[in-house]
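These are the residues of each chain, in order.
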Amino acid sequence: MTLKMSFSDRMSSRGVSISYVSFTIKRMWPAGLLFFIIFFFTMPVPAVLSLSSISDPITYTDYYSSFIPTINGIFMFTSVFSAVFAGCYALRYLQSRVSINFYHSLPETRLSHYTSALAASTISYILSAVINELLLIIVTASAGFLKHEMFSLIFRGFGACAFYFFVFLSITIFAGILTGLTSIQFLMTGYLVGILPVIYGCVMLILDDVFNYFDISSLSSMNVYAWLTPIVRATRAIDSITGIRKSEYRLSYFIFDLLIIIGLFIGSYYIYKNRKSERSGTPIIFPRVASFIKYTLLFPATYILGFIFGEIGSYGWLYFGFAAGALLSFMLINTVFNRTAKAMFVGFKGLIIYFVLFITIYIAINAGTLRFIDYAVPQASEIQITADNRLFTIKDKATIEKIRDQMKDFNKDLKDGKAVPSNYDVSSVEKGLFYQISVDKYNNDEATRTVSPEVTYINAAGMKMTYDYYGINYSYFSEIFELIRSSENFALQYIPSNTEVEEFTFYAVTTDNMLDDYGTSQHEKDHIDNEAGHNLSSIYLSYGLYKGYYEDGDYKHFDPIRLYGAFNVGDSEYFNRVSIGNIDYRVTADTYGTSSYRYRSNTMPLYFDNIDSILSLIPYKDENSKIYGWYGYGDDRVNFSNVKKFLGSSLEDYLNKLSLDIGSIIIVNKTNENMVTITDKGDIAKILASCASVGYPSIISDFTVTHPDYVVFINYGTGEQAISCLTWLLADRVGDISDIIK
Amino acid sequence: MIRIKDVTKTFGAIKALDGVSAEISAGSIYGLIGSNGSGKSTLLRIMCGVFLADSGYVEIDGENVYENSKLKQSIVYLSDEQFFLPHSTMNDMAQFYKSVYRSFDMVRFVKLTEVFGLDPNRKIATFSKGMTKQASILLGLSVHPKYMFLDETFDGLDPVVRQLVKRLIAEEVAERKMTPVIASHNLRELEDICDHVGLLHQGGILFDRELDDMKLNIHKLQLVLREETPIDALSPLNILDHSSRGRMHTIVCRGTTEEIDAVILPLEPVYYEIIPLTLEEIFISEMEEKGYDFKNVIF
């Protein structure tokens, strides 16, 4: 006999009843209606209001680059809200003894209940969202703005929001399975989303507080927090996908969140199967989970209150704050978990043990007896050791060892800033390595000249811990620089004015529009083909408006690299120019090794005040290019074959086009205020050979390789066309030209 | 048939059920009695698959009930606290039951709403306590379950409705061989409907017996003996309780009427009558015989 089974029967045999699932979905209508109303008033309605404004009609560019990204941002927020609400609403049957007696007595398996909850949550959201997305598209289309790229933007925004809806739904469902009250489920969701960044932040604060030279910023970047909470990842996703601003959304985030969705949905089901129905109505279903939550909440509460009271001043207040934070949060958590204030001291012994442990560890860290951070610094052989202030690089171990020896003396000479802990001694950090020195403070007054180097240690995990030394006497530090200069690896980062450029590419910036403000900038590279790029670059270089210098007070500084500052215009004029693209350059491989990183490559936006003639040359590569709708150009662009003139494409070409000779060099001796003007070509050549590069950062000039007494002005051209650039004499070559500068 | 074998259930430090074993025959009306906190509701929830026993098992028709949706199609559990879908009417609930129970009988549901006089379109939230109880009972009866577990179901019902419910349950038993298991702390409510009773006390079943057997084997006598008849003449009786006022003796004893008559009639008493015992009196006697202070067990 053949037994035919309907789909419904087959599903029932696997523990999922279709009729029950569909009934549950229908019963989710209040949540669906709420979502619909929220989406309706945050998507199509604002679109209609914006587009129907008669006095200030919204342009396609505004709508595309500003309005829709904003709508998408709001949509992400409402999607996250919907996920949490839907998760709580769908699982409310689990959170009451009365209802769970009813539901679990029904002829439905846990799988059926669970599937129903997920399906109901998903459909209530998806249905509401899709309808409103369609309404938004209809509104957009009615204004004539529904182009391919607009549709793509809306679609991508929906994709990102739907994806993070599932991330937050999986977290909320997981929270619901672990808890037995809807209110606690809501709080648990917040806990799961926020506890890691909170704890991490507290740990960072402790390290920052205890280790005076701990650089909190090096460890608390948003990249770290992105891994700790989906809130940051969701924000980055919507920012990145819809282009409100450039944001780092990585494929790894997506994979990580996908694993969270899958893991939590599956894991929640298996926990649900073992979830005791009789525990419903109690805040936390699993007692061990409750203990874990309690103590993970106690830690930040203890520290934060201690931190607040510690601001009053004395250690007494700090420890009072710790005690108050631990006790109050313990009482509060117990009251919430047990739903009665009578239980606020349940497990008081645990609190005592926790608090003693907390205080012991805190004191131990503070006293320096626990140096787990320092111990985490890897062996010297495990690190690529450099002393680098971005202008020089030290690689040989011997020099670094010497530098380390020097550094220990600095502790004794710190004058201001944060005090070094009395028990802290750089030299005792056996695994510590002198990694970086950068000088960020310099005082011209010889008597009080100080420097503030940074020392960065890297722990085993590759994390940087930077210690700032403030106000070290220059005389101590000069020895360090002598060591640096004497290193065989030391290379003066000197860029000659005719540095060869290896790559010089042009790419269009899709929606870069400097007419508004910085906020509209997007940097989605849309490379045009090489020929077009070369042509456009050439046109740029030949364009009469650029100037290879920038003004600083009374001086005009020659700086071939800083082309972005090469406009002799005020701010308003500057911002009223339109950037049509960027030029990337990169120095040749030969030059690369001896160049400071800041000169190795750069990106320069192209600005023109006569934009029309240039825009007409930008070809439409595809429909995407039509987002230049603001410019109002049609499809009849001038083909690049129409470009008559090809002027070259390298920076060298550009420099050659200047055709300016050095007319004179003026050397000023700051000590005796003597000024020497050199016009002889031979002397000029000698002086140039003894100078640091033009554009060489003055910040280190006085105590590194240049002589502190001399300032050099190189004058290109003559008369009003003259361009002066500032540089310094190399200290070790002053003797070679002493007869010229005497 | 329901087989309960060594079922244990603890809630934290509280042992609600401790090795409970019992068998409930199909078609019988089983009364589960016990004081508050004796474990009646817990046992019912294990029997209908809401709770999972820590150890032991419950089998219904030879199958484990937990997570057995097919088996649970034949089970309806009426909790002591009724639950209805929020903002629902009786009709909404009927639709819900219909989506869940394949055997839900809409015709019977309509008929029962008329019998109970409940408006199917009225929000259940506006019903009185007794009406919500009636609502849950009639929804459960409309399923035509093979097994029905009722927890303190008669509480809050007026006497007329109580009798109506008992009649409906009896009809289901008679016509469809339904097996109701009725948990209550009130013996008087069970004695006119149950044919089998089990007494739960401190997590264990103290007592599990056919009611008729109990009634047939225990009797209450009132008699006045002749003056010359010594009281020792009653010693052949298996006396459970004996009190006297003047010459009137009231005796509760074990044995059939024939066995008792065989002892009493030869004594030619002045007055002799066998009075039926209430279920409560039977339990008192049985439990006192087992050495329990019955009043502390039930009341």
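Residues numbered from 1 in each chain as written. Chains lettered and ligands numbered in written order. Predicted model: local features only at pLDDT ≥ 70, side-chain atom pairs only at ≥ 80, totals over all residues. Heavy atoms only, no water.

### Structural notes on the overall build of chain A
Working step 1: Helices and strands together make up the secondary structure of chain A, namely 27 helices and 16 strands.
Working step 2: Here chain A, with 742 residues, has 51% of them falling under the buried criterion.
Working step 3: Looking at chain A alone, contacts between residues at least 24 apart form 70% of all its contacts between residues at least 6 apart.
Working step 4: Total accessible area on chain A stands at roughly 34300 Å², and carbon and sulfur atoms take up 59% of it. (Helix = DSSP H or I, 4+ residues; strand = E, 2+ residues; numbered from the N terminus. Buried < 20%, exposed > 50% of the residue type's maximum accessible area, 1.4 Å probe, protein only. Contact = heavy atoms within 4.5 Å. Areas by Shrake-Rupley, 256 points an atom, 1.4 Å probe, with all protein chains shown as cover.)

### Some words on the overall build of chain B
Working step 1: If you tally the helices and strands in chain B, you get 11 helices and 14 strands.
Working step 2: Counting the 299 residues in chain B, one finds 54% classified as buried.
Working step 3: Carbon and sulfur atoms provide 49% of the accessible area of chain B, an area that totals close to 13200 Å².

### Brief notes about the packing of aromatic side chains
Working step 1: Scanning the model with the defined rule gives 55 aromatic pairs over all chains in all.
Working step 2: Taken together, a centroid distance of 5.4 Å and an interplanar angle of 50° make the contact between tyrosine 63 of chain A and phenylalanine 145 of chain A tilted. Taken as a pair, tyrosine 63 of chain A in helix α5 (residues 60-90) and phenylalanine 145 of chain A in the loop between α7 (110-142) and α8 (148-178) lie far apart in primary sequence, 82 residues in all.
Working step 3: Its relative accessible area of 0% is what places tyrosine 63 of chain A among the buried residues.
Working step 4: By relative accessible area, which is 12% here, phenylalanine 145 of chain A ends up buried.
Working step 5: Note on tyrosine 93 of chain A and tyrosine 103 of chain A: the rings are 5.2 Å apart at their centroids and 55° apart in plane angle, and the pair reads as tilted. Of the two residues, tyrosine 93 of chain A is situated in the loop between α5 and α6 (97-103) and tyrosine 103 of chain A in helix α6; the sequence distance between them amounts to 10 residues.
Working step 6: Through successive ring pairs, a cluster of aromatic residues spans Tyr20, Phe23, Tyr93, Phe102 and Tyr103 of chain A together with Phe83, Phe96, Tyr97, Tyr101, Phe104 and Phe109 of chain B. (Phe/Tyr/Trp six-rings, centres within 6.5 Å; stacked < 30°, edge-to-face > 60°.)

### What to know about unusual backbone geometry
Working step 1: In this structure, glutamate 152 of chain B takes a positive phi of about 50° despite not being glycine.
Working step 2: Mapped onto the elements of the fold, glutamate 152 of chain B is located in the loop between β7 (147-151) and α6 (159-176).

### Quick word on the nonpolar core
Working step 1: Ranked by size, the top nonpolar core spans 148 residues in total, and within it Phe96 and Phe283 of chain B carry the most contacts.
Working step 2: The biggest single contributor to this core is α8 of chain A, with 19 residues.
Working step 3: When sequence neighbours within four positions are dropped, the list of residues in contact with phenylalanine 96 of chain B reads Tyr20, Phe23, Phe102, Tyr103 and Leu106 of chain A together with Leu85 of chain B.
Working step 4: Judged by nonpolar contacts, the second largest core, of 28 residues, contains Ile24, Leu43, Val181 and Leu200 of chain B. (Core = buried A, V, L, I, M, F, W, Y, C linked by side-chain atoms within 4.5 Å.)

### Looking at the confidence of the model for chain A
All names here are of chain A.
Working step 1: Model confidence for chain A is summarised by a mean pLDDT of 66, while 52% of its residues fall at 70 or above.
Working step 2: Counting contacts from residues 454-468, a segment whose pLDDT is below 50, to residues more than four positions away or on other chains yields 64 contacts.
Working step 3: Ignoring residues within four places in sequence, the model shows residues 487-530, a span with pLDDT below 50, making 131 contacts including any to other chains. (pLDDT = per-residue confidence, 0-100.)

### Quick look at the sheet that holds strand β11 (residues 218-224) of chain B
All names here are of chain B.
Working step 1: Taken in spatial order, the 4 strands make up an open sheet running β12-β13-β11-β14, and their pairing is antiparallel. On the outer flanks of this sheet lie β12 (238-245) and β14 (271-275), each paired with one strand and no other. For this sheet, the mean angle separating the axes of adjacent strands, direction not counted, is 20°.
Working step 2: In terms of strand pairing, β11 meets strand β13 (residues 248-254) through 7 bridges, oriented antiparallel. Looking across to β13, one finds that leucine 221 is bridged to isoleucine 251. (Pairing = 2+ DSSP bridges. Axes fitted to C-alpha atoms, helices over the stretch in contact; angles between N-to-C directions.)

### Things to note about the packing of helix α3 (residues 90-100) of chain B against helix α4 (residues 106-116) of chain B
All names here are of chain B.
Working step 1: Contact geometry for α3 and α4: axes closest at 11 Å, N-to-C directions at 155°. Looking at the two axes, α3 sits roughly antiparallel to α4. As α3 packs across α4, the resulting crossing turns out to be right-handed. Residue-level inspection shows Met90, Asn91, Ala94, Gln95 and Lys98 of α3 in contact with α4, the latter providing Met106, Phe109 and Thr113.
Working step 2: Tallied by class, the residues present in the contact of α3 with α4 amount to 4 nonpolar, 3 polar and 1 charged. (Parallel < 35°, antiparallel > 145°, perpendicular 65-115°, else oblique. Left-handed = near helix turned anticlockwise from the far one by under 90°. Nonpolar A, V, L, I, M, F, W, Y, C, P; charged D, E, K, R; others polar.)

### Section: the interface of chain B and chain A
Working step 1: Taken together, the contacts link 28 residues of chain B with 24 residues of chain A.
Working step 2: Each partner contributes to the roughly 2300 Å² buried at the junction of chain B and chain A, and carbon and sulfur atoms together form 58% of this total.
Working step 3: Ranking the residues of chain B by area buried against chain A places Glu67, Phe83 and Phe96 of chain B at the top, with a combined share of 26%.
Working step 4: Between the two partners, chain B and chain A, sit 2 salt bridges.
Working step 5: In this structure, the salt-bridge partner of glutamate 278 of chain A is lysine 9 of chain B, at a minimum N-O distance of 2.6 Å.
Working step 6: At the junction of chain B with chain A, the criterion picks out 9 residue pairs in polar contact (both at pLDDT 80 or more).
Working step 7: Of all the elements in the fold, those that place two or more residues in the side of chain B that touches chain A are β1 (2-11), α2 (69-72) and α3 of chain B.
Working step 8: Among the elements that take part in the side of chain B that touches chain A, α3 of chain B stands out by supplying 7 residues, more than any other. (Buried area = accessible area lost by both parts, 1.4 Å probe. Salt bridge = Lys/Arg side-chain N within 4 Å of Asp/Glu carboxyl O. Polar contact = N/O pair within 3.5 Å; in protein donor to acceptor, adjacent residues only side chain to side chain.)

### Focus: α8 of chain A
Working step 1: End to end, α8 of chain A covers 45 Å across 31 residues, agreeing with the expected 45 Å (1.5 Å per residue, within 8%).
Working step 2: In terms of burial, α8 of chain A is largely enclosed, as 24 of its 31 residues are buried. (Expected span 1.5 Å × (residues − 1).)

### Points about empty space enclosed by the protein
Working step 1: This model, assessed by the stated rule, comprises 7 cavities of 30 Å³ or more.
Working step 2: Surrounding the largest cavity, 13 residues form its lining, Phe102 of chain A together with Tyr77, Ser79, Phe83 and Ser136 of chain B being those nearest its centre.
Working step 3: Broken down by secondary-structure element, the contributors of at least two residues to the lining of the largest cavity are α6 of chain A together with β6 (75-78) and α5 (129-141) of chain B.
Working step 4: Broken down by element, the lining of the largest cavity gets its largest block of residues, 3 residues, from α6 of chain A.
Working step 5: For the lining of the largest cavity, the residue count by class is 8 nonpolar, 4 polar and 1 charged. (1 Å grid on protein atoms, 1.4 Å probe; cavity = no way out; pocket = protein on both sides within 12 Å on 5 of 7 lines; lining within 4 Å. Points joined across faces, edges and corners; volume = space filled by probe spheres on them.)

### Brief notes about a nonpolar patch on the surface
Working step 1: Together, Leu251, Phe254, Ile255, Leu258, Leu259, Ile262, Ile266 and Tyr270 of chain A make up a nonpolar patch on the protein surface, roughly 770 Å² of accessible area in all.
Working step 2: One can find isoleucine 262 of chain A in helix α13 (residues 251-273). (Patch = residues over 30% accessible without salt bridge, like charges linked within 9 Å, V, L, I, M, F, W, Y side chains within 5 Å.)

### Comments concerning helix α2 (residues 18-26) of chain A
Working step 1: Of the residues making up α2 of chain A, those classed as buried are Tyr20, Val21, Phe23 and Thr24 of chain A. Seen end-on, α2 of chain A carries its buried residues on one side only, within an arc spanning 165°.
Working step 2: Of the surrounding secondary structure, the elements contacted by the buried residues of α2 of chain A are α6 and α7 of chain A together with α3 of chain B. (Arc of directions from axis to C-beta.)

### Looking at the sheet that holds strand β3 (residues 30-33) of chain B
Residue and element names in this part refer to chain B.
Working step 1: Spatially, the 6 strands line up as an open sheet ordered β6-β7-β8-β3-β9-β10, and their pairing is mixed. At either end of the open sheet lies a strand with only one pairing partner, and these are β6 and β10 (204-210). Each adjacent strand pair in this sheet contributes to an overall mean axis angle of 15°, direction not counted.
Working step 2: As paired strands, β6 and β7 are joined by 4 bridges and run parallel to one another. Each residue of the ladder has a partner; that of leucine 78, found in β7, is leucine 150.

### Regarding the side chain of threonine 24 of chain A
All names here are of chain A.
Working step 1: The residue threonine 24 is located in helix α2 in this model.
Working step 2: In terms of polar contacts, threonine 24 uses its side chain to reach the backbone carbonyl oxygen of tyrosine 20, at 2.7 Å.
Working step 3: Among residues more than four places away in sequence, those in contact with threonine 24 are Ser116 and Ala120.

### Section: the packing of α2 of chain A against α3 of chain B
Working step 1: At a closest axis distance of 8 Å, the pairing of α2 of chain A and α3 of chain B adopts a crossing angle of 145°. Residues Ser19, Tyr20 and Phe23 of chain A of α2 of chain A form the contact with α3 of chain B, whose own contacting residues are Asp92, Gln95, Phe96, Ser99 and Val100 of chain B.
Working step 2: Residues belonging to the contact of α2 of chain A with α3 of chain B are distributed by class as follows: 4 nonpolar, 3 polar and 1 charged.

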